[in-house]
Amino acid sequence: MVCSVSICAGEIFELKAELNSDKKEKKKEAVKKVIASMTVGKDVSALFPDVVNCMQTDNLELKKLVYLYLMNYAKSQPDMAIMAVNTFVKDCEDANPLIRALAVRTMGCIRVDKITEYLCEPLRKCLKDEDPYVRKTAAVCVAKLHDINAQLVEDQGFLDTLKDLISDSNPMVVANAVAALSEIAESHPNSNLLDLNPQSINKLLTALNECTEWGQIFILDCLANYTPRDDRESQSICERVTPRLSHANSAVVLSAVKVLMKFMEMLPKDLDYYSTLLKKLAPPLVTLLSAEPELQYVALRNINLIVQKRPEILKHEMKVFFVKYNDPIYVKLEKLDIMIRLASQANIAQVLAELKEYATEVDVDFVRKAVRAIGRCAIKVEQSAERCVSTLLDLIQTKVNYVVQEAIVVIKDIFRKYPNKYESVIATLCENLDSLDEPEARAAMIWIVGEYAERIDNADELLESFLEGFHDESTQVQLQLLTAIVKLFLKKPTETQELVQQVLSLATQDSDNPDLRDRGYIYWRLLSTDPVAAKEVVLAEKPLISEETDLIEPTLLEELICHIGTLASVYHKPPSAFVEGSRGVMHKRLPARTGSGESTESPDVGTAAGGSAPEAAPSIIPSQGDLLGDLLNLDMAPPTTSGPPPPTTGMQMGGMDLLGGGLDSLVGISHSVDPYAMGAGFGAAPAVMPASLNAPVGGGLGDLFDLGGVGMPMGAYIPPKIVWLPAMKAKGLEISGTFARRAGVIQMELILTNKAMSVMTDFAIQFNRNSFGLAPAGPLQVLTPLGPNQTIEVSLPLSTVGPVMKMDPLNNLQVAVKNNIDVFYFSCQYPISMLFVEDGKMERQVFLATWKDIPNDNESQFQIKDCHLNSDAASSKLQGSNIFTIAKRTVEGQDMLYMSIKLSNGIWVLAELRVQAGNPNYTISLKCRAPEVSQCVFQCYEAVLKN
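Each value, and the rule that gives it
- Residues numbered from 1 in each chain as written.
- Predicted model: local features only at pLDDT ≥ 70, side-chain atom pairs only at ≥ 80, totals over all residues.
- Heavy atoms only, no water.
- Core = buried A, V, L, I, M, F, W, Y, C linked by side-chain atoms within 4.5 Å.
- Buried < 20%, exposed > 50% of the residue type's maximum accessible area, 1.4 Å probe, protein only.
- Helix = DSSP H or I, 4+ residues; strand = E, 2+ residues; numbered from the N terminus.
- Contact = heavy atoms within 4.5 Å.
- Phe/Tyr/Trp six-rings, centres within 6.5 Å; stacked < 30°, edge-to-face > 60°.
- Lys NZ or Arg CZ within 6 Å of the ring centre and 35° of its normal.
- pLDDT = per-residue confidence, 0-100.
- Axes fitted to C-alpha atoms, helices over the stretch in contact; angles between N-to-C directions.
- Parallel < 35°, antiparallel > 145°, perpendicular 65-115°, else oblique.
- Left-handed = near helix turned anticlockwise from the far one by under 90°.
- Nonpolar A, V, L, I, M, F, W, Y, C, P; charged D, E, K, R; others polar.
- Expected span 1.5 Å × (residues − 1).
- Arc of directions from axis to C-beta.
- Polar contact = N/O pair within 3.5 Å; in protein donor to acceptor, adjacent residues only side chain to side chain.

Chemist: What exactly am I supposed to notice about the nonpolar core here?
Modeler: Grouped together as the largest cluster of nonpolar side chains are 210 residues, with contacts concentrated most on Tyr-69, Phe-88, Leu-123, Val-241, Leu-355 and Phe-415. Element by element, the count of residues in this core is highest for helix H28 (residues 475–491), at ten residues. If sequence neighbours within four positions are ignored, Phe-415 has contacts with Tyr-422, Glu-423, Val-425, Ile-426, Leu-429, Trp-447, Ile-448 and Tyr-452. Met-748, Phe-826, Ala-911 and Leu-913 belong to the second-largest nonpolar core, a separate cluster that totals 65 residues.

Below, the structure is given as structure tokens:
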């Protein structure tokens with residue numbers, strides 16, 4: 001906000017007189033004085049009418065000055081600003097294109113609603129002006145006008161005119177039209193203004209070669225929002241964008257890299273061009289590192305993302321990331337990070353030698369990072385671990401305090417990664433115990449002593465020395481000390497009883513810290529009630545630490561790759577994290593990879609199964625647009641679905657065939673339509689029975705006997721709960737679970753355990769698209785906050801009306817769970833028996849006809865070994881899981897059970913189970929129009945019969 005400074009009446013009077021002078025030079029000087037006063041914050045709005053009168057001139061310099069004044073004061077003097085409208089209209093028809101462009105530019109900058117409608121006609125003329133300079137200025141004006149009054153711009157048809165300018169013959173007009181449309185599209189994400197197609201993309205690529213550097217950036221950013229139809233189009237665009245990599249402007253280079261990184265996703269990795277493109281991307285990125293430090297930093301932040309996504313691009317360029325003596329600290333640290341990401345078995349010796357050199361520098365922060373980097377190398381490249389440990393021991397021998405402390409912290413992590421391998425160094429670490437004064441180093445050393453107490457003769461003395469100043473220690477050290485002494489007690493109970501009582505007393509009675517107190521009480525109760533359980537809990541085998549704990553989560557990385565060259569790529573945060581409001585915040589993701597053969601299919605083949613291109617194989621982490629974007633909304637209502645109302649119960653059950661022909665369309669099976677097609681509502685008997693229906697069928701199906709002696713069904717099989725998301729991967733949240741089908745409702749039964757020190761609230765859950773459309777039928781009901789060390793059981797009803805995408809394996813389910821701390825992802829596999837519906841018992845005649853009708857190629861045969869049930873018990877057990885026996889017959893002492901199963905999406909599976917008395921191995925034959933489900937069905941048979 002400009003600070004207003006008073007101006008004396010005499011000065012105003014003088015300026016008025018000069019502004020109304022007949023001499024042009026005097027007028028110009030007067031306007032310059034007015035602008036100078038305005039620039040330093042003096043209020044010269046009283047001169048508004050006099051300055052506006054000066055607009056009537058042919059002098060371009062004077063006109064520019066007056067327009068500058070107008071832009072500044074029009075908002076505070078809207079009624080006076082209307083006086084200038086006629087001059088604007090007149091100037092928009094001036095013979096001089098510079099004046100026409102100046103008029104239309106100023107019109108866009110005057111943000112006054114009252115005069116906006118008067119400017120529409122001049123703007124329309126300028127958009128179709130014969131001079132390209134005027135047209136490019138008018139294009140930007142449309143975006144400014146849209147910001148003031150969006151409805152007016154749409155009603156006047158300016159957006160359509162703007163779209164037409166993309167086909168303009170002048171490249172700068174095209175660039176400005178693209179920039180304006182992109183600006184408007186950002187504020188209206190659903191408007192679909194930039195409806196790009198191959199024809200318009202071709203025009204943009206043509207203009208790319210001829211426009212200015214900033215015009216090229218606008219066009220490249222626009223190209224980055226386009227998703228090519230196939231890999232051929234993707235390659236064609238990449239070929240035409242590649243020359244931009246050699247541009248002198250680093251912003252153009254990064255925008256080109258962004259386009260290439262995105263479109264490379266669609267190129268097959270075995271393509272020659274793919275490897276050529278990887279080689280072409282390295283030199284421009286390396287060149288960016290020869291710029292000023294500030295530009296280097298921006299380049300390094302972007303390279304950090306690129307290396308995480310495609311390390312092969314720069315795998316041979318390690319040396320350019322070696323630190324120079326005169327690099328600023330922020331550049332040094334970023335280079336260090338990239339060096340670790342590029343470290344491999346091939347270059348680890350070179351990297352370690354460099355890091356050891358850095359560890360002797362004078363910059364303390366940098367030395368600390370270098371020592372940590374050595375530890376990260378050990379964790380990342382297993383073959384280098386021994387060399388890394390040796391290097392760390394050499395650094396400890398330097399006795400430089402902060403180097404020793406950092407080395408101990410990273411050695412603790414190496415112990416976690418490679419247990420029982422490098423414990424011989426513990427003696428050296430213990431020698432430096434007295435020099436440790438930083439909480440993290442003290443905590444690491446205490447952990448090492450507690451973890452390996454049985455190998456350290458004087459472990460109790462070492463821990464007792466820390467205990468002397470217990471209340472002066474930081475919380476981190478206190479918690480670690482408490483756990484270490486309890487570990488020591490469990491390993492050497494007779495010698496350390498007094499020590500453990502002392503620490504428990506200090507933690508529970510003398511401490512104000514609730515975390516410490518709670519942990520103390522837990523240990524006390526465990527030790528006093530069940531020492532065996534305490535041993536199992538405290539001395540449990542720890543999971544190995546991950547190779548890269550600092551990698552950006554894949555979904556976020558994909559979004560950041562789409563924002564290369566912007567602030568998001570420097571912050572390593574999505575725009576939604578730092579852009580206020582909804583304007584400009586659009587979640588982006590990389591396109592799915594396609595095979596090169598897809599584009600060669602005929603249109604008929606491509607649209608036969610629903611008209612969409614084949615889905616790419618899903619990644620383990622769901623894509624941002626599908627999942628994370630929705631989960632980040634704190635208020636998660638139950639998913640709404642269109643279509644027929646749900647039957648009977650309040651939950652939508654899977655009565656409808658979401659996949660259109662069962663899995664046939666999903667897995668690309670091509671067959672002729674007939675009365676017995678599974679996806680065509682196969683539940684009812686066919687209207688016309690084939691003449692050969694009762695003819696003998698292979699396997700004795702023609703002479704089926706009645707079901708004699710089949711017992712009552714038992715309960716449905718429910719798999720035991722397993723850990724889906726371990727606490728170490730979810731900031732303390734552990735999720736175990738299983739799936740069950742009760743009274744026709746699929747349930748996801750979850751156990752949520754909070755192993756963190758903070759309370760967890762605001763739970764929500766969402767599924768990625770999956771093979772059978774499984775989706776939550778309601779919100780995740782965690783009604784009370786989940787406190788530290790608390791466990792809660794939750795049952796989540798599921799529907800089968802969610803979006804569908806083929807998974808590998810077919811029963812894979814990708815889940816995202818959100819709470820007040822973060823969003824966490826995991827994959828689990830559901831037993832396909834959860835999808836077996838209650839009306840899956842087929843009529844015998846229909847069974848016969850269907851078995852004959854399904855091609856023999858679709859039959860799969862499996863062995864179920866070590867099963868000791870007779871045929872009646874097996875049938876009864878299977879019926880509990882909605883696997884219905886249609887008929888049973890005995891041939892030469894072998895019972896043959898004929899069974900039918902119906903999945904929630906309308907797929908039928910037919911089975912023949914052969915049970916030989918005294919033989920624990922069963923043979924099962926499965927027939928289905930979608931043979932991909934047979935393996936999963938067999939697994940269900942095996943699980944049900946053996947449990």
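Chemist: Looking at this model, I keep getting lost on the packing of aromatic side chains. Mind explaining?
Modeler: Where two aromatic rings form a pair, the distance of their centres and the angle of their planes describe that pair. Going through the model one piece at a time under the given rule, you end up with twelve aromatic pairs. Note on Tyr-358 and Phe-366: the rings are 5.2 Å apart at their centroids and 40 degrees apart in plane angle, and the pair reads as tilted. With 6.0 Å between their ring centres and 20 degrees between their planes, Trp-724 and Phe-826 make a pair best called stacked. Pair noted here: Trp-724 is in strand E1 (residues 722–725) and Phe-826 is in strand E8 (residues 823–829), with a separation of 102 residues, a long-range link. We classify Trp-724 as buried; its relative accessible area is 10%. According to the relative accessible area criterion, Phe-826 is buried, its value standing at 6%. Through pairs of rings, three or more aromatic residues link up here, namely Trp-724, Phe-739, Phe-826 and Tyr-830. We note Lys-332 situated over the ring of Phe-366; from NZ or CZ to the ring centre the distance is 5.2 Å.

Chemist: How do you make sense of the confidence of the model for the protein when you look at a structure like this?
Modeler: Atom-level detail of predicted coordinates should not be read off regions where pLDDT is low. Here the protein averages 79 in pLDDT, and 84% of its residues register 70 or above. Every residue in residues 595–712 is under pLDDT 50, and counting partners more than four places away or in other chains gives 216 contacts.

Chemist: Explain the packing of helix H23 (residues 385–397) against helix H24 (residues 401–417) here, please?
Modeler: Each pair of packed helices gets described by two things: the angle between the helix axes and the distance between those axes. The contact between H23 and H24 brings their axes to 9 Å, and the two run at 155 degrees. Of the possible angle classes, the one that applies to H23 and H24 is roughly antiparallel. Here the hand of the crossing between H23 and H24 comes out left-handed. Across the interface between the two elements, Val-389, Leu-392, Leu-395 and Ile-396 of H23 pack against Val-403, Val-404, Ala-407, Val-410, Ile-411 and Ile-414 of H24. By residue class, the composition of the contact of H23 with H24 is ten nonpolar, no polar and no charged.

Chemist: Any chance you could explain helix H30 (residues 514–529) here in plain terms?
Modeler: Along an α-helix, residues three or four positions apart point the same way, because every turn accommodates 3.6 residues. Between its first and last C-alpha, H30 extends 22 Å over 16 residues, near the 22 Å set by a 1.5 Å rise per residue. Here H30 has its buried residues at Leu-516, Gly-520, Tyr-523, Leu-526 and Leu-527. Buried positions in H30, seen along its axis, are confined to an arc of 135 degrees and lie on one side of it. Projecting away from the buried face of H30 at angles above 90 degrees are the exposed residues Arg-525, Ser-528 and Thr-529. Capping the start of H30 is the job of one residue whose side-chain oxygen sits 2.9 Å from the backbone nitrogen of Asp-515: Asn-513.

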